[in-house]
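Overview (structure and organization)
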Amino acid sequence: MKKTAQFAFYTGLLLLAINIFGMFRTMRNPAVYSEEKTIRNRLNDISIEYPGILDMLKRKDHESNVDFAVRINKVVNDGFIHYWRDQGIEKYHLRVPVWENWILYAASYISPGKYKKYEFSNYKKNLERGAGLCSTHSTIVKGVLLDNGIKAELMDVGGHHVVVRAELDSKDTYILDPDFGVVVPFDTAAISANPELVREPYGRLAELYYPDAKDPYTTDYLVKIFGDRKYIYTLGSGFEDFSYWAKWLIPLLLILPFGATFLRRK
């Protein structure tokens, strides 16, 4: 029993040390700013650095809901790279690093299909990492809007693309696409009735890609999928939320038995 308590004590100390070490680390790898030269997908895909982007996401005085949402959509587009490749699992911390959350790190080996490349439900963690998919971009915009009292939800377009539906005031509901930096000033009902409404906003899509980019999204393709069925896109936050307080609680529980015995003897 004594050896078990000692093992638990030192394990708890190790985990606690890992947590403390992680408090002084960031998931944003500076190499992300030059990655586009390697993958040759989107031109000028990321130009705003972290943590400077945090100030740019703050609402300005007297900024209307529409002006704020449109600006935030562009800021996230400029401060985040579209990247989800296996080569970046460790390089860009697509697998949550052990010093960030050792529980999610362990989960990546227990359930790799879900956690090996992990998309946070906490938009601030996605923003810190700086790399992800259209759904990751959109999660950030949604989170910032919700924090500022604007109703927003994620929408899966035809099972191929994720955007933000934002109710900006009593008469204006926009579709925000931070992955491409596009704003569609119409609601889903109007777009479903006439998908051609998105053609003009997405009209310059080809200019966003390198000439030799592989399988880029085209304006015609976006018009097509906006005409397909749309779904509410959700990211489960239960286990993630649990892991962020449990990563501290579990080490303390491991330390407690042996630590209490040691103190009593003293």
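These notes cover the structure that comes with them. Keep in mind that this is a model prediction, so the values were computed, not measured.

In this section: the overall build of the protein chain. What the protein chain contains, in helices and strands, is eleven helices and seven strands. Seen along its three principal axes, the alpha-carbon backbone of the protein chain occupies a region of about 75 × 45 × 35 Å. When each of the 266 residues of the protein chain is scored for burial, the buried share is 47%. If you take every contact in the protein chain between residues at least 6 apart in sequence, the share linking residues at least 24 apart comes to 63%. With an accessible surface of roughly 14000 Å², the protein chain has 58% of that area assigned to carbon and sulfur atoms.

This part covers the nonpolar core. The nonpolar side chains of a soluble globular protein tend to be buried with one another. Ranked by internal contacts, the top residues of the largest apolar core, which has 26 residues, are Leu57, Leu145, Val164 and Leu176. Of all elements in the fold, only α4 (65-78), α7 (123-129), α8 (134-147), β3 (151-157), β4 (161-167) and β5 (173-177) reach the threshold of two or more residues within this core. Top contributing element to this core by residue count: α4, with six residues. Sequence-distant contacts of Leu145, that is, excluding residues within four places in its chain, are made with Phe68, Ala69, Ile150, Ala152, Val164, Ala166 and Leu176. Residues Val182, Ile191, Tyr202 and Val223 belong to the second largest nonpolar core, which totals 18 residues.

The peptide bond linking Tyr50 to Pro51 adopts the cis configuration, its omega dihedral lying at 10°. Its identity as a non-glycine residue notwithstanding, Arg40 has a phi of 50°, on the positive side. When you line up the elements, Arg40 lands in the loop between α2 (36-39) and α3 (53-56). According to the relative accessible area criterion, Arg40 is partly exposed, its value standing at 34%.

Another aspect to go through is helix α5 (residues 102-110). The set of residues buried in α5 consists of Trp102, Ile103, Leu104, Ala107 and Ser108. With a side-chain oxygen lying 3.0 Å from the backbone nitrogen of Ile103, the N-terminal cap of α5 falls on Asn101.

Turning next to the pairing of β5. Burial analysis of β5 places five of its five residues in the buried class, which makes it a mostly covered element. Of the two faces of β5, the one holding Thr173, Ile175 and Asp177 and the one holding Tyr174 and Leu176 are both buried throughout. In this structure, β4 lies alongside β5, joined through four bridges in antiparallel fashion. Across the sheet, residue Val164 finds its bridge partner in β5, namely Leu176. Between β4 and the antiparallel strand that follows it, β5, lie five residues. The turn joining β5 and strand β6 (residues 182-184), which pair antiparallel and follow one another in sequence, is formed by four residues; a positive phi near 70° is taken by Gly181.

This paragraph deals with the layout of surface pockets. The volume enclosed by the largest pocket comes to roughly 340 Å³. In terms of lining residues, the largest pocket is bounded by 18 residues, among which Lys74, Asn77, Phe180, Gly181 and Leu208 are the most central. For the lining of the largest pocket, the elements supplying multiple residues, two or more each, are α4 and β6. The dominant element in the lining of the largest pocket, judged by the number of residues it contributes, is α4, at three residues. Among the residues forming the lining of the largest pocket, the class breakdown is eight nonpolar, three polar and seven charged. If you add up the space inside the second largest pocket, you get close to 270 Å³. Residue lining of the second largest pocket: 17 residues in total, with Asn41, His82, Tyr209, Lys214 and Asp215 positioned closest to the centre.

For the rest of this paragraph, the subject is the side chain of Ser135. Mapped onto the elements, Ser135 comes out in helix α8. Overall, the relative accessible area of 4% leaves Ser135 in the buried class. Apart from the residues lying within four places of it in its own chain, the contact partners of Ser135 are Glu119, Val162 and Tyr233.

Moving on, we come to the pattern of salt bridges. Tallied over the entire structure, the rule returns 17 salt bridges. Ionic pairing is found between Glu90 and Arg95, a salt bridge with its closest N-O pair at 2.8 Å. The partner of Arg199 in a salt bridge is Glu196, with the nearest N and O atoms 2.6 Å apart. Relative accessible area serves as the criterion here: at 30%, Arg199 is assigned to the partly exposed category.

Conventions and cut-offs
- Residues numbered from 1 in each chain as written.
- Predicted model: local features only at pLDDT ≥ 70, side-chain atom pairs only at ≥ 80, totals over all residues.
- Heavy atoms only, no water.
- Helix = DSSP H or I, 4+ residues; strand = E, 2+ residues; numbered from the N terminus.
- Buried < 20%, exposed > 50% of the residue type's maximum accessible area, 1.4 Å probe, protein only.
- Contact = heavy atoms within 4.5 Å.
- Areas by Shrake-Rupley, 256 points an atom, 1.4 Å probe, with all protein chains shown as cover.
- Core = buried A, V, L, I, M, F, W, Y, C linked by side-chain atoms within 4.5 Å.
- Polar contact = N/O pair within 3.5 Å; in protein donor to acceptor, adjacent residues only side chain to side chain.
- Pairing = 2+ DSSP bridges.
- 1 Å grid on protein atoms, 1.4 Å probe; cavity = no way out; pocket = protein on both sides within 12 Å on 5 of 7 lines; lining within 4 Å.
- Points joined across faces, edges and corners; volume = space filled by probe spheres on them.
- Nonpolar A, V, L, I, M, F, W, Y, C, P; charged D, E, K, R; others polar.
- Salt bridge = Lys/Arg side-chain N within 4 Å of Asp/Glu carboxyl O.

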